[in-house]
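Examination of the molecular architecture
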Amino acid sequence: MIAGLRGALARWDEPAATAWVDVAGVIYEVVVPAFAWEWVAAHDEGAEIRFHTYYHVSERNPQPLLVGFPRVADRDFFRIFIEVPDVGPVKAVRALTHPVSEIARWVEAEDVHALQRLPGIGPRLAQTIVARLRGRLVEAALAPGEPSPSDRERAGGADGLRRDAVDALIALQYGRREAERLVDQVLRASPGLSDLEALLRSALEQQASRGGGAGSG
């Protein structure tokens, strides 16, 4: 199995969603889900790039498929996602047009309408995805996505961190008032906190210690 590739970006073909990676003179063709296109495009041709990869080949599809992701967490999500009946690797690649953390939040919130925004995911399959994966994607839902260059430019410091944390809790079915209260309490206790995942974990631990849960506010 090919678990990862690190080499020079020899070519990026966005219409074909493929990147060519030159690893010591051997060029690998890597299929890239749409959510990661901007991340790949931020690399100049010839620059070093590293993919965490999923390798797939089967009797029905003998042509190897090598799918590349920016982070290990993205690849791990993909492995879980393709366990759902009728979601194979090819369909999953086409479907991942949003960051995996966002898709995971939709699953955990049972938002089948949001899942239907993904290419190839109809109402019945969206319901199956929720039924099969809800409860298994909390870690992915809390993880911040890979920031794009434009995301970094738009980042609003502490205000942006607070907004992102509140939005993440709302996606997990907390009311806005409750989400804002939890986030503000954590930020008051730890004013130097700058990591979104750490902030969310603290907020959820704080709520759990009080015996609360989502849906209030």
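Every value quoted in this text rests on a predicted model; they were computed, and no experiment measured them.

1. Things to note about the overall build of the chain
- The number of helices and strands found in the chain is 11 helices and five strands.
- Here the chain holds 217 residues, and 40% of them are scored as buried.
- Intrachain contacts of the chain at a sequence separation of at least 6 include 56% that bridge at least 24 residues.
- Of the accessible surface of the chain, which amounts to about 11600 Å², a share of 48% is contributed by carbon and sulfur atoms.

2. Digging into the pattern of salt bridges
- Per the stated rule, a full pass over the model turns up eight salt bridges.
- Between Glu180 and Arg176 there is a salt bridge; the shortest N-O distance is 3.7 Å. Here Arg176 and Glu180 lie together in helix 10 (residues 176–189), a separation of four residues that amounts to about one turn.
- Owing to a relative accessible area of 25%, Glu180 belongs among the partly exposed residues under this scheme.

3. With respect to the layout of surface pockets
- Approximately 280 Å³ is the volume attributed to the second largest pocket.
- Lining the second largest pocket are 12 residues, with Glu29, Gln63, Pro64, Leu65 and Leu66 positioned closest to its centre.
- Listed by contribution, the elements that provide at least two residues to the lining of the second largest pocket are strand 3 (26–31), strand 4 (48–56) and strand 5 (65–69).
- If you tally residues by element for the lining of the second largest pocket, the top one is strand 3, at three residues.
- Its residues placed into classes, the lining of the second largest pocket shows eight nonpolar, three polar and one charged.

The rules behind these values
- Each residue is numbered by its place in its chain's sequence as written, counting from 1.
- Totals for whole chains, interfaces and linings use every residue, but because this is a predicted model, local features are given only for residues with pLDDT of at least 70 and side-chain atom pairs only at 80 or more, for both listing and counting.
- Note that the side-chain values use all heavy atoms of the structure and ignore hydrogens as well as water.
- Counting from the N terminus, the helices are the DSSP runs of H or I reaching at least four residues and the strands are the DSSP runs of E reaching at least two.
- Each residue gets one of three labels from its accessible area relative to the maximum for its type: buried under 20%, exposed over 50%, partly exposed in between, using a 1.4 Å probe on protein chains only.
- We call two residues contacting when some pair of their heavy atoms lies within 4.5 Å.
- Surface accessibility in these figures is a Shrake-Rupley result with a 1.4 Å probe; residues are shielded only by whichever protein chains are displayed.
- Take a side-chain nitrogen of Lys or Arg and a carboxyl oxygen of Asp or Glu: if they are within 4 Å of each other, that pair is a salt bridge.
- Cavities and pockets are defined on a 1 Å grid built over the protein atoms alone: a cavity is a set of grid points where a 1.4 Å probe fits but cannot escape, while a pocket is an open set with protein on both sides within 12 Å along at least five of seven lines, and lining residues are those with an atom within 4 Å of any such point.
- Grid points are joined across faces, edges and corners, and a volume is the space filled by probe spheres set on the points.
- Under the scheme applied here, ten amino acids are nonpolar (Ala, Val, Leu, Ile, Met, Phe, Trp, Tyr, Cys and Pro), four are charged (Asp, Glu, Lys and Arg), and all others, including Gly, are polar.

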